[in-house]
Amino acid sequence: MIPAAVDYVRADSAEAAIAALAEAGDEAKLLAGGQSLVPLMRLRLATPSVLVDIGRLDGLSGISIEGDTVGIGALTTHSTLEHSADLAAACPLLAHVAGQVGDPAVRHRGTLGGSLAHADPASDLPAAVLALGGTLVVAGPGGSREIAATDFFTGFLESALGADELLTEVRVPVSTGGWCYQKFNRRAQDWAIVGVAVAEGGAGVALVNMGSTPMRAAGVEAAVAGGASAVDAAAVAADGTEPPTDNNADGDYRAHLSRVLTERALTAAGA
Amino acid sequence: MTETPFTGGIVGESRPRREDPALLTGEAKFIDDLQIPGALWLACVRSPHAHARITAIDASAALGIDGVVAVYCGDDLADAWEAPLPCAWPVTDDMKNPAHYPVAQGKANYAGDIVAVVVAESRYAAADGLEGVVVDYEPLDAVVTIEDAESDRVVIHEDCGTNVSYEWPLVPDPDAVEAAFADAAHHVTETFVHQRLIPTAMEPRGVAAVPAPHNGNMTLYSSTQIPHILKVMAAITLGLPEQKIRVIAPSVGGGFGCKLNVYAEEVICMALAQRHGVPVRWTEGRTEASGSTIQGRAQRQTIELAADADGKLTAVRATLLADMGAYLQLVAPGVPLLGAFLYHGLYDVPVYSFTCKSVFTNLTPTDAYRGAGRPEATYAIERAMDALAVAVGVGPDEIRSRNFIPTEKFPYDSPAGLVFDSGNYQPTLDRAKELVDWDGRRAEQVDRRAAGSTTHLGIGISSYVEMCGLAPSRTLAALNYGAGGWESATVRILPTCKVQVVTGVTPHGQGHETCWSMIVADQLGIDPDDVEVLHSDTAISPLGMDTYGSRSLAVGGTAIWMATEQVIEKARAIAAHMLEANADDLEFAGGNFTVKGSPDKEVPLAGVAFGAFTAHDLPEGIQPNLQAQVTFDPSNFVFPFGTHIAVVEVDEATGAVELLDYAAVDDCGNQINPLIVEGQLHGGIVQGVAQALWEDASYDADGQCRAANLADYLVPSAAECIDMKLDYTVTPSPSNPMGVKGIGEAGTIASTPAVMNAVVDALRPMGITDITMPASPMTVRRAIEVATGGAS
Ligand SMILES: Cc1cc2nc3c(=O)[nH]c(=O)nc-3n(C[C@H](O)[C@H](O)[C@H](O)COP(=O)(O)OP(=O)(O)OC[C@H]3O[C@@H](n4cnc5c(N)ncnc54)[C@H](O)[C@@H]3O)c2cc1C
């Protein structure tokens, strides 16, 4: 539980963070809430040589709603999302899912940007952003670019972020149609064994912990779009997935759970 | 039966723990909080293999790291040990006990076995040093299951010639057993597996050995439950003069039995502190703990019941296969024996048979874990009683009522040879049924089934009796244990009439300071806040047998009560002298001595205490000061009992089990502080429910722990707990003057079978008769799929 030696830089602006990343190269890591990175460092599964702390950077946290779009700064904590009345009104799925992450201590430190950038298939928030059809705004040495959430997750703990890029904002559409998040776990503070996020009555459906990345359940979405019942649409939830095996579940059981939970989520969301 | 001897109005009150403010604010110091100037840090290179020959160790890279002072492998330290790590319970004369050295020599026998140690100037440097020690291993086949161990396919300790450590039978009358089963109208046979559990004290272990090179003293700070036993054992293991060793347990954040041991890191720190002439310390990491601290349970049990046509038990036969892990730790071989006498539970059974075989595996050693032996025994009989109820065609409540030891039979000569002190079992079952609305729940269960609901209700009973208050020294001798079971106390009234109580028990979360001060204050008629309780330091409390086996109150508390009585008697003699009265004519109440019939003639205890201190005018033959020391050796165990009922809901589609309701009606005799009793039950019950539903130290085929951290090892949190309905009956023990019984393990003993009986009850209509623990959603779902033909 003792991390390896590491250098520490505190960035006071996005530009400074990007510059620090560019200077340190591959060995640098951004530090936001530290709720994923620090545990990995303590187990020496991550051994960055430099930590660039963006935790106190101004301007990257907060929720703004303009027209049909909700913009959320990357440093906004899960707790802020969970307790925001504005978000609960504009995008209740995201507010609810934020409240399902870990425990209160984790939610007070962990950030939306960190959760997405970490690209853990077992995380809750990536699935919500996928189901909502969100967009990620990233900044790098050459300026800013937008990445659709569907294009963002590229592999296990891998994303489309460049080594010298910073995720600055997450945009999701205002979404008040039928929604549900089914998180199945054995203890309240645990990661999902399987999770299913449903937005807009089944127009958007995403799965947690059903493969190497957070993923959209395209087959279910298509079935719902084609008028299938919740039961029939849920039947294809696991199609094409390669769910992992761990202490809690093997792949077959995860596939089974994904169908059960998808049916429950679609039903609750009014599909 | 004894009534309560307490009249002071303090004992029996629910008083908040006086320990808590210091613990909650950080004022109390745990081992890792200690500032020890100049201390070197120890880090342990642990075998990543469950079974491997150590062919070479190259520490040169580690020695090149800034701050690393030294690296030692097993051979380097071989001359530091006068004896191997101790096992104090050679249960049979021919028990196989392989030499267990603190640092492995030649071969590592489990993943976590220490193969080398790094000593460094900081904890960080020590951790860095670990990566610089290159060990060449030649991996060997690992023995991971008890069945594989028993087969001797691979013999782990070549010098033992077998993996079987011992076989221990308790079969008073073999012919009667055969006859009972031959004649039985019902013969139930059940096999259950107790998974390995990781005790998971909130505070991991830690050690700091502080030498005084010039006068030869050695102070060992350790997060331990047993500073007294540790002192003796460390002296023997290291060949140090015992009078030079002082062991201090600072604030200790839980133990559950896992700190009832003598560990490699303790004696390694002492040996290296001696060698380097400076303090050496070590703090355990949570992941490290899965390979450095003992684990619990790990048994396979077969239980058979013989009963007549009415379901009245005629015989119980239990056979056990127990996993000791790679070596025998301090009391590990005795753990099955602590259950051996209780496989007939609280039922009146004439004929009894128990046999146990214990084997070595290439896994972390096991040892006592909350309840040690009794949870296993209770699980077997309580699960089997449900099976018998089904066979006989009566309810689980009825089968128990038909078999409870009748109240008039106490003290009860048990078929296993114990004498149960006192009991009255039926009222606990009746009350527990009331608390969960038994009839209402049964009706709801029927309704749900009739309506085709896929969320099935299950109701499970567990009635238990356990033996605790370890222990009469003579009984321990009969069981070949290497020490006694007495306890010591000193009660000292200071000149200003404040009181010091010195106890040999070692609290690590139980609230002893609160309870002991209540007992003494009640006896003396003073304020509990005027009573200080000293403990956990062998220089302050030189005599003690420490805390485990729910012994602290029944044995240690009794010693305190007796010492206080002796102090009162001495004070009475002095008061009589002061009042010019006959000692027999004095009454002592409310902290005052008065002369019977002359209420104006009185002297307060404070006056007597000061008089005893000045010693200006003491009666002939009375020594100055008010102090008494008592060592109490109990005449018997104490036998708390009760009934717990769990109500669960099983989601057929996912296999998820949810605890809906839980009632516990316990009887621990007279209660000193009901709030403490409640706390012990809450924690104990959750710990037992955790075995049923969550915790599982599972290992893969290579002997790697798959649950080595708290993300994978599912210790429940407050969020998983429900409000428990607790109630009590009071049947005092006649074996001690306070009429008390232990309650520290009862919750853990009772709750596991209650929950598993409930889970099986929910699923029985599908033909399911057992679920392997823990009843994880996947396990339950699989059982449902198998039972219902794979529908999903
Ligand atoms: C006990 C515990 C329980 C948890 N339970 C859950 C759970 O149930 N569900 C769940 O979803 N999560 C859970 N988490 C993880 C938690 O949600 C983390 O907060 C989140 O995954 C990471 O956010 P962070 O701000 O802490 O990121 P950090 O840990 O600081 O960083 C994580 C990664 O993202 C990178 N990063 C961070 N911010 C940015 C940025 N703006 N731009 C680019 N890269 C960035 C970092 O470099 C790092 O690689 C749990 C964590 C803990 C400790």
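Going by the structure above, here's the rest.
None of the values given here were measured: they were computed from a predicted structure. (Residues numbered from 1 in each chain as written. Chains lettered and ligands numbered in written order. Predicted model: local features only at pLDDT ≥ 70, side-chain atom pairs only at ≥ 80, totals over all residues. Heavy atoms only, no water.)

Caption draft 1: Quick peek at the overall build of chain B. Broken down by element type, chain B carries 21 helices and 28 strands. Relative to its length of 792 residues, chain B is compact, with a C-alpha radius of gyration of 28 Å against a globular reference of 28 Å. Principal-axis analysis of the C-alpha atoms places the extent of chain B at approximately 90 × 70 × 50 Å. Looking at chain B residue by residue over its 792 residues, the buried ones come to 63%. The contacts of chain B with a sequence gap of at least 6 include a subset with a gap of at least 24, amounting to 80%. Carbon and sulfur atoms make up 51% of the accessible area of chain B, which totals about 27100 Å². (Helix = DSSP H or I, 4+ residues; strand = E, 2+ residues; numbered from the N terminus. Rg over C-alpha atoms; globule rule 2.2 N^0.38 Å. Buried < 20%, exposed > 50% of the residue type's maximum accessible area, 1.4 Å probe, protein only. Contact = heavy atoms within 4.5 Å. Areas by Shrake-Rupley, 256 points an atom, 1.4 Å probe, with all protein chains shown as cover.)

Caption draft 2: Examining the packing of aromatic side chains more closely. The full count for this structure, using the stated rule, is 17 aromatic pairs over all chains. Plain terms: the ring middles of A:Phe152 and A:Phe153 are 5.2 Å apart, the flat faces sit at 90° to each other, and that makes the pair edge-to-face. When sorted by exposure, A:Phe152 lands in the same class as A:Phe153, which is buried. With a centroid separation of 5.9 Å and an interplanar angle of 10°, the aromatic rings of B:Tyr347 and B:Phe404 are classed as stacked. Within this pair, whereas B:Tyr347 is found in the loop between helix H10 (335–340) and strand S15 (351–360), its partner B:Phe404 is found in the loop between helix H12 (396–403) and strand S16 (412–413), the two being separated by 57 residues in sequence. With a relative accessible area of 0%, B:Tyr347 lands in the buried category. (Phe/Tyr/Trp six-rings, centres within 6.5 Å; stacked < 30°, edge-to-face > 60°.)

Caption draft 3: Broad picture of the interface of chain B and chain A. Contacts between chain B and chain A engage 35 residues on the former and 22 residues on the latter. Across the chain B to chain A interface the summed buried area is about 2200 Å²; carbon plus sulfur atoms make up 52%. Its largest share of buried area at the contact with chain A, chain B owes to B:Thr654, B:Leu714 and B:Met778, together 23% of the area lost on that side. Between B:Arg782 and A:Asp250 there is a salt bridge, with the nearest N and O atoms lying 2.9 Å from each other. The interface formed by chain B and chain A holds 13 residue pairs in polar contact (both at pLDDT 80 or more) in total. When contributions to the side of chain B that touches chain A are tallied by element, the ones reaching two or more residues are helix H4 (123–131), helix H9 (286–292) and helix H21 (777–787) of chain B. (Buried area = accessible area lost by both parts, 1.4 Å probe. Salt bridge = Lys/Arg side-chain N within 4 Å of Asp/Glu carboxyl O. Polar contact = N/O pair within 3.5 Å; in protein donor to acceptor, adjacent residues only side chain to side chain.)

Caption draft 4: Geometry of the sheet that holds strand S10 (residues 166–173) of chain A. Residues and elements named next belong to chain A. Strand order in this open sheet of five strands is S4-S5-S10-S6-S7, and the pairing throughout is antiparallel. Of all the strands in the sheet, just strand S4 (63–66) and strand S7 (143–148) have a single pairing partner and so form its edges. Neighbour-to-neighbour, the strand axes of this sheet turn through a mean angle of 25°, independent of strand direction. (Pairing = 2+ DSSP bridges. Axes fitted to C-alpha atoms, helices over the stretch in contact; angles between N-to-C directions.)

Caption draft 5: Representation of the site of the ligand within the structure. All names here are of chain A. The environment of the ligand is made up of 30 residues, and the closest members are Leu30, Gly34, Gln35, Thr111 and Asp124. Taking Gly102, its main chain carries an N or O atom lying 3.0 Å from an oxygen atom of the ligand. Protein contact buries 92% of the 970 Å² of open area that the ligand shows by itself. Of all elements in the fold, only strand S2 (28–31), helix H7 (112–118) and S10 reach the threshold of two or more residues within the shell around the ligand. With four residues, the single largest contributor to the shell around the ligand is H7. For the shell around the ligand, the residue count by class is 13 nonpolar, 13 polar and four charged. (Near = heavy atom within 4 Å. Nonpolar A, V, L, I, M, F, W, Y, C, P; charged D, E, K, R; others polar.)

Caption draft 6: Expanded view of helix H6 (residues 174–183) of chain B. All names here are of chain B. Along H6, the residues classified as buried are Val177, Ala180 and Phe181. Along H6, the residues classed as buried sweep out an arc of 95° about the axis, all on the same side. More than 90 degrees from the buried face of H6, the exposed residues found are Asp175, Ala182 and Asp183. Buried residues belonging to H6 abut strand S8 (186–197), strand S13 (296–307), strand S14 (313–325) and S15. (Arc of directions from axis to C-beta.)

Caption draft 7: Up close: the side chain of B:Arg370. Residue and element names in this part refer to chain B. Relative to the elements of secondary structure, Arg370 occurs in the loop between S15 and helix H11 (374–392). A distance of 2.6 Å separates the side chain of Arg370 from the side chain of Gln687, its partner in a polar contact. One polar contact links Arg370 to Thr748, side chain to side chain, over a distance of 3.4 Å. For Arg370, the contacting residues outside a window of four places in its chain are Phe256, Arg297, Pro375, Gln680, Gly683, Gly684, Gln687, Gly744, Glu745 and Thr748.

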